[in-house]
Every structure is written in C-alpha cells, then in structure tokens.
Amino acid sequence: MRIFFFSDWRIQQLELVERLLRSVAPVDVIVYGGDDVRRFLSAPKQNYFAHLAGYARYGLLGVIGNDCWPEDRLILQAPGVRDLHAEPCLIEDVGFIGIEGAICDGERNAIGRILHSEGEVRCHLEQARRRLGEQARRLVVVSHTPPAGCRLDIGIRFGFSRLGSEALRDFVLDQQPDLVLCGHCHSRGGKTALLGGSLVVNAASDDTNPELARVALIELDATASPPTVTWLKPPTRLRGPHIGPQRAEKLAAYGITRLDELRTAPPEVLKAIQFGPLRRRRLESYLCACEENRAVWLETPQFPSSMLFYDVETGLVSPSPFKGSAPDPWLIGAFDGQELRQWIVPEEDRSRRRAMFEDFLAYVAAHPGATLCSWSGSCFDERSMEEGIVRWAPPLLLRWRPLPKLDLLRMLKKILVLPLTSWSLKEVAGWCGFSWSGDLDGFEAGLLYEEYRTFGEPLPVELIARYNAEDVLALAHVTRYLLSTLPASTASPGAGRER
C-alpha cells in the first residue's frame, strides 16, 4: 500500500501538494495529519481535499489539529474524504484509526481549541480498535499529536517540552501498529523513529519557512518490516543571489526560469523585480562562479594576520538568531592551526563553568595578537560566550570584551560569491574539499543537550565533541582554501596565518 502523508500545511502552497502527488502517482491513500484544514476549503477548487482525493485509489483520510475550529470537521466530510477521528476505516486488511487535536494532561500540551485528555484518548483508541475487528490484520494510527517516548514530540515554540501522548504510546506498545503518522511538533517534522516495533513518522511542515514542506511517500508492504519512507523534495525553484521565492515567482510569470536568462531580460522586467546594477553585478559573478566552479571575489578581503578558530555548543536557540540572548556554552572548541583544544562542562556548576571560561581565556592569552574567528552570520558564538561569562564569571568580562573577534561568514557574504545555494559551513567546507565524517547538525546537538538538562537523559558527550571538533577544523580548512583562491597580488604576506 502506497501512502502519501503530509501534515501541518500552515504556510506552504496548496498547489505544491498536487504537484508532488502527480510526481509519485498512483498512490492508494492520502493522509493528512491535521491543522489549518480551513485553508483547503478556501482554495479555488472549493474543497481542495476532495480534489486531492481523486488522485488516490481510496481517497483522503485526515484529522483536524489543535488549532482548528470544531466546525472544521465538516471539511473532512467531502466526497472521497473521511474524518478518521469520527470513524475508523478499513482499507483492504489495514485498519486506520485517527486522533484529532492536542492530547493533553492537565496544562501540558493544552494549547489550541481541539483538546482531548489522556483518559479520553485511551477510551477512544480502545473503541476504535474494537470497531475495526479482526479484519484489520494491520494497523495505522493517524494522530495529530505524536506519541511519547520516541523523540518526535519535542515542542520549542512555548518553551522546551515534551508534548507526546502517553495514552497513545501505551496503545502503540500494546497493539504494535505498522505505522503511527503524526505532526504537531514542527521542529521534529521530516523525521522518523521506532517505538517498540512500530514506525513513527512526523511530517509536520515548517511553520516559518514556506519552502520547508515535508511530505512522505510510505510503502506499507505485508512482507517488509518496517515500512519504507521516502521524503519527497519540492520542485527546484529558481535560486541565486537576491532571488527568493517571491522574486522567483515573478520571474516565472515573465517566462524566466533560468538565471542566465536574466542577462538578456528586458529593462521593464528588471525594474519590476527591482534588480538594479549592484544586484546584476552579483548575479553575473554568481553565474561565473557556477560556470567555472570557482570562488569570485568582489573585493579584496581583510583577513586578520593571526587567527584562532573557535566554535561553541549550547542548548537550543531562539527562533531568530538575531533576537534575544544566546544560550551559554557548555563546550568550547578551538584550533590554532597546530592543536585542537576543547573545554567541556555539561553540568551547570558555577565553579566548573567559571574554570572553563578561565582556562579558555588563558589559552587565548597564550596566542597574543590572534583574532577569535567563528562562523554563524549573526555573531552567535561571540554572543553565547558573553552570555556564559555574564552568568558564571562576570569579572572575566574585562578580559573577554577587548579581544579581537570576527564572524567570518558575516564578512565573506559581503565580498565573496561561491557556486553554492547555501552558506552553511557543511556545504561551504564540503565544496572546499573538507571531508565530513558525521551527520549531526547544530539543532540536533542542541536538542540532545536540552534533553539532558531538562529531563536528565544521557548526554552523548563524545558524539557532540566530535561534531564540534569537525566544525572547528572545517572552519580552518575553509579559510586556508579561500585564501589560496586570492590572486597573488592581493594576498598580503602572512595574511590569515593561524596561531
């Protein structure tokens, strides 16, 4: 059975669902995991769910989310569409059970309009399973709220918390369904996990970036365990310097779908998309970088003569890295070109954290004249260090603040063009020839630390320390490589020397 699953389609284009459906058709059933279902009624085709249902052999199954209104249940009663919370469904020998809204326990997860207590959900699941009977040899649970116990239930919008349902977890462990399809927790969208022998899939799309759309094509085969999940990628839009989703859409309306077509675009088109001489210059440099696969310098960079590369690990950051204070570090990594050093204090112990900052500042003092170099674009590492010193060792501010510091990404983005669509350190370092050995990212590292700090979960210190070490070494590698791309006449003697 081929299942097309998506959830929490808050700001993504409705037409994108149809395009992705067409790319993988035929499918047996479409499943929607809840929230913002009213958007699917205001579409040009009236009830868009009913329109989408025509692409699947057995139509569309769905539940409403916690942010929906009670009357939104009517949207799931269109032709070819079924409300799984109101009525479980048997398709071939697979029973589908639905749970709408947020599953709450007192104040925990009691957010929104559609709320059900853990006790209500236990009864609902038991009744739904009985109604399906023995004909349902396999089970699929569709719940807006994830189950507890699988790390797909972390909420961060209203503070770091676990929002998963214990009643659903107990049902999954007892009944062992083949699949649990959920959403609700946007930060865990696009991820899977095992709960007992059941595969849990969270397909919540991002609620801040309309381009982060998560759609899973799931193959549920009686002979395969667990089911296979393929995350579908939205069609590639036009990308380049100063070309975001809105400008790309305007260009498409003028029939421009390739960057090189902008070279000969009529003046009225360039005026309509506000693409003046400076933007055209950067675009031309980008096209040149792509055609020749090389770095293009717009200006001669002013690298410090001596650099110390450093990177910090913290808990989770706020949604915008430019707003509010940064979380203080528990791990600091530094590289002087010869030796990698790390200072690691996971415990929030004042004396140990103070000693960590004292030791790091002593290390910096042993490299007189060196500039502390990081990579974030928002001076995150610098702000995080200051936050930690203010919290744990305020007298050390007099030693920290005068130190020369440089966010290399912030500097380079203004004067350098690379043949890439992202400035992430992983992508830039990879293009510069750095070999990565792990797939951990900053968000996952922060999440692991928050789970340790908040819930007492074991902290994989060695794993995160390796990730931190690679980031620091990658930053040094990127700097050395980019310096090598400068014309000989522009590179001053000793520029960018590591200490």
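Reading the values: rules and limits
Residues numbered from 1 in each chain as written. Predicted model: local features only at pLDDT ≥ 70, side-chain atom pairs only at ≥ 80, totals over all residues. Heavy atoms only, no water. Helix = DSSP H or I, 4+ residues; strand = E, 2+ residues; numbered from the N terminus. Rg over C-alpha atoms; globule rule 2.2 N^0.38 Å. Buried < 20%, exposed > 50% of the residue type's maximum accessible area, 1.4 Å probe, protein only. Pairing = 2+ DSSP bridges. Axes fitted to C-alpha atoms, helices over the stretch in contact; angles between N-to-C directions. Contact = heavy atoms within 4.5 Å. pLDDT = per-residue confidence, 0-100. Expected span 1.5 Å × (residues − 1). Lys, Arg positive; Asp, Glu negative; His and termini not counted. Salt bridge = Lys/Arg side-chain N within 4 Å of Asp/Glu carboxyl O. Polar contact = N/O pair within 3.5 Å; in protein donor to acceptor, adjacent residues only side chain to side chain. Parallel < 35°, antiparallel > 145°, perpendicular 65-115°, else oblique. Left-handed = near helix turned anticlockwise from the far one by under 90°. Nonpolar A, V, L, I, M, F, W, Y, C, P; charged D, E, K, R; others polar.

**Notes on the overall build of the protein chain**
Phase 1: Across its full length, the protein chain carries 14 helices and 24 strands.
Phase 2: At 26 Å, the protein chain has a C-alpha radius of gyration in line with the 23 Å of a compact globule built from 499 residues.
Phase 3: Dimensions of the protein chain, computed from the C-alpha atoms along their principal axes, are close to 80 × 65 × 40 Å.
Phase 4: When burial is assessed residue by residue, the protein chain has 52% of its 499 residues classed as buried.

**Points about the sheet that holds strand β13 (residues 191-195)**
Phase 1: Taken in spatial order, the six strands line up as β5-β6-β9-β12-β14-β13 in an open sheet, and their pairing is mixed. Two strands bound the open sheet, and with one partner strand each, they are β5 (89-91) and β13. Each neighbouring strand pair of the sheet contributes to a mean axis angle of 20°, computed without reference to strand direction.
Phase 2: Across four bridges, the pairing between strand β12 (residues 179-182) and strand β14 (residues 198-202) is parallel. Bridge pairing in β14 links L181 to V201.
Phase 3: Along the sheet face, helix α4 (residues 166-175) touches β6 (94-99), β9 (138-143), β12, β13 and β14 and points at about 170° away from the line of β9.

**Observations concerning the confidence of the model for the protein chain**
Phase 1: Averaged over the protein chain, the pLDDT score is 91; the fraction of residues at 70 or greater is 95%.
Phase 2: Within the model, pLDDT remains below 50 along residues 318-323, and this stretch shows six contacts once partners closer than five positions in the same chain are excluded.

**Thoughts on the pairing of β13**
Phase 1: Here five bridges tie β13 to β14, and the two strands are oriented antiparallel to one another. Directly across from T192, in β14, lies its bridge partner V201.
Phase 2: Hairpin connection, β13 to β14: the antiparallel pair is bridged by two residues, and G196 has positive phi, about 65°.

**What to know about helix α7 (residues 277-292)**
Phase 1: Given a rise of 1.5 Å per residue, 16 residues ought to cover 22 Å, and the 22 Å separating the end C-alpha atoms of α7 matches this to within 8%.
Phase 2: Turning to α7, its buried residues number three or more, namely R282, L283, S285, Y286, L287, C288 and A289.
Phase 3: Where α7 is buried, its residues meet β17 (296-297), α11 (408-415) and β23 (416-417).

**Re the side chain of D206**
Phase 1: With respect to the helices and strands, D206 occurs in the loop between β14 and β15 (215-219).
Phase 2: No salt bridge is formed by the buried D206, whose closest oppositely charged neighbour, R214, lies at an N-O distance of 4.4 Å.
Phase 3: There is a polar contact of 2.6 Å between the side chain of D206 and the side chain of T208.
Phase 4: Residues contacting D206, with those up to four places away along its chain left out, are I11, Q12, H186, L212 and R214.

**Observations regarding the pairing of β9**
Phase 1: By the criterion of burial, β9 is predominantly enclosed, with six of the six residues buried.
Phase 2: Side chains R138, V140 and V142 project from β9 onto one buried face, and the interleaved L139, V141 and S143 project onto a second face that is buried too.
Phase 3: Where β6 meets β9, six bridges bridge the pair, whose relative direction is parallel. Paired with I99 across the bridge in β9 is S143.

**Comments concerning the environment of V172**
Phase 1: On the secondary structure map, V172 appears in helix α4.
Phase 2: Here V172 falls in the buried class, since its relative accessible area comes to 0%.
Phase 3: Among all residues touching V172, those that are not within four sequence positions of it are P177, V180, L195 and S198.

**Remarks on the environment of D36**
Phase 1: Its location among the elements puts D36 in the loop between β2 (29-32) and α2 (48-53).
Phase 2: A sequence separation of 32 residues divides D36 from C68, and the C-alpha atoms of the two residues are 6.1 Å apart.
Phase 3: Other than its neighbours up to four places away in sequence, D36 contacts W9, R10 and C68.

**A few points about the packing of helix α3 (residues 118-132) against α4**
Phase 1: Two elements in contact, α3 and α4, have axes whose closest approach is 8 Å; the angle formed by their N-to-C orientations is 30°. In this view, α3 runs roughly parallel relative to α4, as classed from their interaxial angle. α3 and α4 meet at a crossing whose hand is right-handed. The segment α3 lies against α4, with E118, V121, R122, L125 and R129 engaging E166, A167, L168, D170, F171 and Q175.
Phase 2: When grouped by side-chain class, the residues that make up the contact of α3 with α4 number five nonpolar, one polar and five charged.

**Re the pattern of salt bridges**
Phase 1: Evaluation of the coordinates by the stated rule reveals 32 salt bridges.
Phase 2: The salt bridge partner of R38 is D72, with a shortest N-O separation of 2.9 Å. Residue R38 is found in the loop between β2 and α2, and its partner D72 is found in the loop between β3 (60-62) and β4 (81-83); the two are separated by 34 residues along the sequence.
Phase 3: Residue classification places D72 among the buried residues on the basis of a relative accessible area of 3%.

**Considering the packing of helix α8 (residues 350-365) against helix α9 (residues 380-392)**
The angle between the axes and the distance between the axes are what describe a pair of packed helices.
Phase 1: For the pair α8 and α9, the least separation of the axes is 9 Å and the interaxial angle reads 130°. What the angle tells us is that α8 and α9 run oblique. Of the two elements, α8 crosses α9, and the hand of that crossing is left-handed. For the pair formed by α8 and α9, the contact residues are R350, R353, R354, F357 and F360 on the first element and M385, G388, I389, R391 and W392 on the second.

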